[in-house]
Amino acid sequence: MSKAVIEDIFYDPESSEETTFPATDKDLLLLTQKLCDEEVPTKVFFQAIAIAAYDGEAAFRYADNYLTSVKHKRKGKRKNVVLLRQSLFSFSQN
């Protein structure tokens, strides 16, 4: 029991190294398909591929974060268009 407590005291998650693996060909294909489903700038696509060369999981996180941010921006724009349309048609003609 004391050994477990001592290990917990000296465990530092920041100093532990995480092992990263480059993306496989299959991973690159999946990443490409994910990014091609949406219209993304070439800069974002090539950045994701460059990240995948060193860390496959990080490349998928990068792509997911980008696609999520684009989705949220589109929702905001749609709400503004709907509000604008409602205000244009709410005037009554005298």
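(A) Spotlight on the nonpolar core. Counting residues in hydrophobic clusters, the biggest one holds nine residues: Ala23, Leu31, Leu35, Val40, Ala48, Ala52, Ala59, Ala63 and Leu67. Looking at this core, the elements with two or more residues in it are helix H2 (25-36), helix H3 (42-52) and helix H4 (56-89). Filtering out sequence-adjacent residues up to four positions away, Leu35 remains in contact with Val40, Phe45, Ala48 and Ala63.

(B) Structural context of the side chain of Asp55. Of note, Asp55 is situated in the loop between H3 and H4. Buried and without a salt bridge, Asp55 has Arg61 as its closest oppositely charged side chain, separated by 4.2 Å.

(C) Geometry of the packing of aromatic side chains. The tally for this structure, following the rule as stated, stands at one aromatic pair. Measuring from ring centre to ring centre gives 5.5 Å for Phe45 and Phe46, while their planes differ by 65°; the resulting arrangement is edge-to-face.

(D) Inspection of the packing of H2 against H3 at higher detail. It is at 11 Å that the axes of H2 and H3 come closest, and there the two elements cross at 160°. It follows that H2 is roughly antiparallel to H3 by the angle criterion. Crossing of H2 against H3: the hand is right-handed. On H3, the residues that touch Leu28, Leu31, Thr32 and Leu35 of H2 are Phe45, Ala48, Ile49 and Ala52. Looking at the contact of H2 with H3 residue by residue, the class counts come to seven nonpolar, one polar and no charged.

Procedures and definitions
- Residues numbered from 1 in each chain as written.
- Predicted model: local features only at pLDDT ≥ 70, side-chain atom pairs only at ≥ 80, totals over all residues.
- Heavy atoms only, no water.
- Core = buried A, V, L, I, M, F, W, Y, C linked by side-chain atoms within 4.5 Å.
- Buried < 20%, exposed > 50% of the residue type's maximum accessible area, 1.4 Å probe, protein only.
- Helix = DSSP H or I, 4+ residues; strand = E, 2+ residues; numbered from the N terminus.
- Contact = heavy atoms within 4.5 Å.
- Lys, Arg positive; Asp, Glu negative; His and termini not counted.
- Salt bridge = Lys/Arg side-chain N within 4 Å of Asp/Glu carboxyl O.
- Phe/Tyr/Trp six-rings, centres within 6.5 Å; stacked < 30°, edge-to-face > 60°.
- Axes fitted to C-alpha atoms, helices over the stretch in contact; angles between N-to-C directions.
- Parallel < 35°, antiparallel > 145°, perpendicular 65-115°, else oblique.
- Left-handed = near helix turned anticlockwise from the far one by under 90°.
- Nonpolar A, V, L, I, M, F, W, Y, C, P; charged D, E, K, R; others polar.

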